[in-house]
Amino acid sequence: GKPERITFYDENGFPSESRHDLDQNGTMETIRIYDGGRLVEETRDQDQDGRFEMVTRFKDEHPSEQMKDTTGDGRFDVVTRFRNGTPYYQEKDTNSDGKTDVFTEFDESGTIRKVEEDTRHTGRIDRVRLYRSGEPVEISHDEDGDGVMEARTFYKDGKPARQTKDNNNDSKPDVNVVFNILGEKERVESDTNLDGKTDTWEFYEKGAMTRLEKDEKHRGKADLRVFYHDGKTSKLMRDEDGDGHFELTQWL
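Computed from a prediction, not measured in an experiment: that's the story for all the values here.

A. Structural context of the overall build of the protein chain. Assigned secondary structure in the protein chain consists of zero helices and 21 strands. The globule rule puts the C-alpha radius of gyration for 252 residues at 18 Å, and the 29 Å found for the protein chain is more than 25% above it. Structurally, the protein chain occupies a C-alpha span of about 100 × 40 × 30 Å along its principal axes. Residues counted as buried form 31% of the 252 residues belonging to the protein chain. Partitioning the contacts of the protein chain with sequence separation of at least 6, the portion at a separation of at least 24 is 3%. Put simply, the protein chain shows about 15400 Å² of open surface, and 46% of that area lies on carbon and sulfur atoms. Charged side chains of the protein chain number 41 positive and 60 negative; the gap between the two group centres comes to 3 Å.

B. Examining the pairing of strand S14 (residues 159–165) more closely. Inspection of the sheet shows strand S13 (residues 151–156) paired to S14 by six bridges, in the antiparallel sense. In the strand pairing of S14, Thr153 is matched with Gln163. Following S13, the chain reverses through two residues before pairing antiparallel with S14; Asp157 in that reversal takes a positive phi of roughly 55°. Pairing between S14 and strand S15 (residues 175–179): four bridges, direction antiparallel.

C. Expanded view of the nonpolar core. Grouped together as the largest cluster of nonpolar side chains are five residues: Val175, Val177, Phe179, Val188 and Tyr204. The leading source of residues in this core is S15, at three residues.

D. Highlighting the side chain of Glu138. Relative to the helices and strands, Glu138 resides in strand S12 (residues 135–141). On the basis of relative accessible area, Glu138 is assigned to the buried category, the value being 15%. At 2.6 Å, the side chain of Glu138 and the side chain of Arg152 are in polar contact.

E. View of the pattern of salt bridges. This structure, assessed with the given rule, holds 22 salt bridges. Here Glu17 ties to Arg19 by a salt bridge, and the two come within 2.7 Å at their closest N and O atoms. Bridged by salt links that share partners, the residues Glu41, Arg57, Glu65, Arg81 and Glu91 form one connected network.

F. Looking closely at unusual backbone geometry. At Gln24, a residue that is not glycine, the phi angle is positive and equals roughly 55°. Examined against the element boundaries, Gln24 turns out to sit in the loop between strand S2 (15–20) and strand S3 (30–35). Look at Gln24 and you get exposed, because its relative accessible area is 55%. Look at Asn169: it is not a glycine, yet its phi comes out positive at around 55°. Relative to the elements of secondary structure, Asn169 occurs in the loop between S14 and S15. By relative accessible area, Asn169 is classed as partly exposed at 34%.

G. Fine view of a negative patch on the surface. On the surface, Glu240, Asp241, Asp243 and Glu247 cluster together to form a negatively charged patch. According to the relative accessible area criterion, Asp243 is partly exposed, its value standing at 39%.

H. Representation of the environment of Val175 within the structure. Along the polypeptide, Val175 turns up in strand S15. For Val175, the residues in contact, after removing those within four places along its chain, are Gln163, Thr164, Lys165, Asn167, Val188, Glu189 and Ser190.

I. Inspection of the side chain of Glu29 at higher detail. The residue Glu29 is located in the loop between S2 and S3 in this model. Although Glu29 is buried, it makes no salt bridge; Arg44 carries the closest opposite charge, 5.9 Å away.

Conventions and cut-offs
Residues numbered from 1 in each chain as written. Predicted model: local features only at pLDDT ≥ 70, side-chain atom pairs only at ≥ 80, totals over all residues. Heavy atoms only, no water. Helix = DSSP H or I, 4+ residues; strand = E, 2+ residues; numbered from the N terminus. Rg over C-alpha atoms; globule rule 2.2 N^0.38 Å. Buried < 20%, exposed > 50% of the residue type's maximum accessible area, 1.4 Å probe, protein only. Contact = heavy atoms within 4.5 Å. Areas by Shrake-Rupley, 256 points an atom, 1.4 Å probe, with all protein chains shown as cover. Lys, Arg positive; Asp, Glu negative; His and termini not counted. Charge placed at Lys NZ, Arg CZ, Asp CG, Glu CD. Pairing = 2+ DSSP bridges. Core = buried A, V, L, I, M, F, W, Y, C linked by side-chain atoms within 4.5 Å. Polar contact = N/O pair within 3.5 Å; in protein donor to acceptor, adjacent residues only side chain to side chain. Salt bridge = Lys/Arg side-chain N within 4 Å of Asp/Glu carboxyl O. Patch = residues over 30% accessible without salt bridge, like charges linked within 9 Å, V, L, I, M, F, W, Y side chains within 5 Å.

Function cannot be inferred from these measures alone, as they are strictly geometric.
Have a look at this one:
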């Protein structure tokens, strides 16, 4: 018994404004504005609090810009821009501090291509995600907030395949992490003294470390082997003189 749509017309007979009860709850929560009969703006007050949670502007009757208030605080925290009705760029304020901290680029089909994030909310990008056909292919991360993306994770079929870390910012990876086809960590190779040579090897099964090999004396080959069972050290072997033979074995 209540109208679900009210339309107003200009002197030429074209719609100038329409109000809609799209969710059929008895309240006109959506207002559409027209220019010469063509839609130019749509506003929605989803919770009927008197404030619009979403404003969409149109060009040639296709969306050109959309602003959303996802937290209900009266401020638009998501802004999406469109090209020919397809999104190509988006900005978000994820912590409601009034500053944009997530920037998203879309490809020609409207699928995510790149995401830049300020995860620490310092005003500086510290994580960059790259996508292909909607699936992640690479993530770069500034883990310590120094402005350098020292960690990079490479993906295959949507799962992590390899990760590198450059702990001393010399543009050379000091840590190389290899994942299996399930995306589980399988092996970690590290240069712990940052001399450009790998000296530590960690081996994992189902996320748990099973073996550690280390070149403690930095002679170019492992002289320590540690075996783990259920997260605890079970056996230790040492090559004290570096001849390739592990003459010391300890069971724990």
